[in-house]
Amino acid sequence: MDEFEYNRVRHTVSGEETPRPGTEAAAGRPGIVKPLPPEWFIPRGTNAEMRWDTLRDSCTGFHTPTERFFVRNHTSTPVIDPDGWRLTLTGSGLAGPAVRFDLAELRRLPATSYSAAIECAGNGRSFFTTQQRQDVPGTPWTLGGIGVARWRGVRLAEVLHLAGLRPEAVDVMPIGLDPDYVTSDGRNLGHVRRPLPVSKALDDVLLAYEMNDAPLTADHGAPLRLVVPGWVGIASIKWVGTIEVSTEPLRSPWNTEFYRMFGPDYPQDGGAPLTRQTVKSVFELARGATLALGERHLLYGRSWSAGPAIEWVEVSFDDGRNWRRARLLDEPGRAVWTRWSVDWQPRYPGRHTLLARAGDVEGNTQPRVTPVNREGYLFDAMVRHPVNVV
Ligand SMILES: Nc1nc2c(c(=O)[nH]1)N[C@H]1C(S)=C(S)[C@@H](COP(=O)(O)O)O[C@H]1N2
Ligand SMILES: [Mo]
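What this report covers is the structure whose coordinates are included nearby. (Residues numbered from 1 in each chain as written. Chains lettered and ligands numbered in written order. Predicted model: local features only at pLDDT ≥ 70, side-chain atom pairs only at ≥ 80, totals over all residues. Heavy atoms only, no water.)

## Side note on the packing of aromatic side chains
Okay, so step 1: Applying the stated criterion across every chain yields a total of 14 aromatic pairs.
Okay, so step 2: Each ring, one from Trp 52 and one from Trp 304, has its centre 6.1 Å from the other, and the planes form 15°; the classification is stacked. In this pair, Trp 52 sits in the loop between β2 (47-50) and β3 (87-90) while Trp 304 sits in strand β15 (residues 297-304), placing the two residues 252 residues apart along the sequence. Just as Trp 52 is buried, Trp 304 falls in that class too.
Okay, so step 3: Summarising the aromatic geometry, the rings of Phe 317 and Trp 344 are spaced 4.6 Å apart at their centres and angled 10° between planes, so their arrangement reads as stacked. Of this pair, Phe 317 sits in the loop between β16 (310-316) and β17 (324-325) while Trp 344 sits in strand β19 (residues 337-344), placing them 27 residues apart in sequence.
Okay, so step 4: Every member of this aromatic cluster is reached through a ring pair, and the members are Phe 69, Phe 70, Trp 141 and Trp 151.
Okay, so step 5: If you follow Arg 357 out to its NZ or CZ, it ends over the ring of Trp 323, 3.8 Å from the centre.
Okay, so step 6: The side chain of Arg 374 reaches across the aromatic face of Phe 262, ending 4.1 Å from its centre. (Phe/Tyr/Trp six-rings, centres within 6.5 Å; stacked < 30°, edge-to-face > 60°. Helix = DSSP H or I, 4+ residues; strand = E, 2+ residues; numbered from the N terminus. Buried < 20%, exposed > 50% of the residue type's maximum accessible area, 1.4 Å probe, protein only. Lys NZ or Arg CZ within 6 Å of the ring centre and 35° of its normal.)

What follows is the structure in structure tokens.
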């Protein structure tokens, strides 16, 4: 789609939040344990999207409070008894037989904490349709499929070494304890699981047992989940029971069939399994918000990139003709977002289109249009944000 066509597309504000017929949302089976008040979440079938428009007023701070963190479940949240739970490491990549850890043993190992975003690969997917008129299947997230939390746990590297990691090992595959995933056409794909190269596993991956200074909650992976900074959310497997370690490359539907790029701009048999996330920006403002003419408005937003820190953010109030730098409110960091604000005194009544775009220290930025891919992953184009000035 070229620039001309893009500019012609009229943005639809309504209709984004209607569950498609036949989805779990339509059947009313969320499978999520925590309360999902409508002022905080948009229901999305088995998932719950965080609302950006109600975040600002409550001054929630840099980290997403756990009770407001988005939930992405392929099936439903399992409630696991932490006393009976064990983490098992097994496979050809270990020097000896399977090794087991209980939670107390993991908690006695050296702990590491850091802040990191978890963001669904499909975050922003609905804009392929509403902004680029491209039909893609899957959860029609707007931009609320992301959260930043402070995670605490033990490095996966530490546990792999204790388990006897062999130098020949190439892949590790965490396997979730949630129910088997059955596709809409009835194929049982087994437990949610996705291989990770040993290089990433040994780098900065955490086996987290705490989120925002409290034990992990059921919906976010209790008693133990992976946190894979900068990578698509599916890498951060929740409710880990087993980790397979292998000297041969591992496969699962989540690195062969899903979470790869298929489409006109990608190789015939699909791109490599998705790893890093992309740059995105969001306003903490309702779509279609009403703003008073002639008054000075202080608008807030956030921008983020996969790993590299955000370097700059620009905002346009006239659909991209003129741009202004936003003030960064945080010291930009790795694998997290940066909050920003910008003043605006609208001088004309009527409908305006706001845009925000950001760049990171490695030169990644946001395009006008994201080339389409079959599953609608990694939408990174600037999102048009309509407001009404009266
Ligand atoms: N076991 C298991 N792990 C999982 C998933 C899942 O359905 N089952 N969903 C993944 C996806 S697609 C995302 S985006 C993140 C979401 O994490 P959250 O629900 O804590 O926000 O978890 C990942 N880990
Ligand atoms: Mo995801």
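Anyway, onward from the coordinates.
## With respect to the sheet that holds β3
Okay, so step 1: Spatially, β4-β3-β12-β7-β8 is the arrangement adopted by the five strands of the open sheet, whose pairing is mixed. Taken across any chain shown, the strands that pair with only one partner, and hence form the sheet edges, are β4 (99-101) and β8 (196-197).
Okay, so step 2: For strand β7 (residues 171-176) and β8, the ladder comprises two bridges, and the chain directions are antiparallel. Bridge pairing links Asp 171 to Pro 197 in β8. (Pairing = 2+ DSSP bridges.)

## Describing the site of ligand 1
Okay, so step 1: As a structural note, the neighbourhood of ligand 1 is formed by 20 residues, with Phe 70, Asp 178, His 220, Arg 225 and Lys 238 the closest of them.
Okay, so step 2: Within the backbone of His 74, an N or O atom sits 2.8 Å from an oxygen atom of ligand 1.
Okay, so step 3: A distance of 2.5 Å is found between an oxygen atom of ligand 1 and a side-chain nitrogen or oxygen belonging to Lys 238.
Okay, so step 4: Relative to its free-state accessible area of 540 Å², ligand 1 is covered by the protein chains to the extent of 100%.
Okay, so step 5: A per-class count over the shell around ligand 1 returns ten nonpolar, six polar and four charged. (Near = heavy atom within 4 Å. Polar contact = N/O pair within 3.5 Å; in protein donor to acceptor, adjacent residues only side chain to side chain. Areas by Shrake-Rupley, 256 points an atom, 1.4 Å probe, with all protein chains shown as cover. Nonpolar A, V, L, I, M, F, W, Y, C, P; charged D, E, K, R; others polar.)

## Brief notes about the nonpolar core
Okay, so step 1: Of all hydrophobic cores here, the largest spans 44 residues; its most connected members are Leu 87, Leu 89, Leu 156 and Leu 196.
Okay, so step 2: Those elements that provide at least two residues to this core are β3, α3 (103-108), α5 (156-162), α6 (198-203), β9 (206-211) and β12 (240-246).
Okay, so step 3: In contact with Leu 87, other than residues within four places in its own chain, are Val 99, Arg 100, Phe 101, Leu 106, Val 159, Leu 207, Leu 224, Val 240, Gly 241, Thr 242 and Ile 243.
Okay, so step 4: By size, the runner-up hydrophobic cluster in this structure holds 34 residues, among which are Phe 128, Trp 141, Ile 146 and Ala 381. (Core = buried A, V, L, I, M, F, W, Y, C linked by side-chain atoms within 4.5 Å. Contact = heavy atoms within 4.5 Å.)

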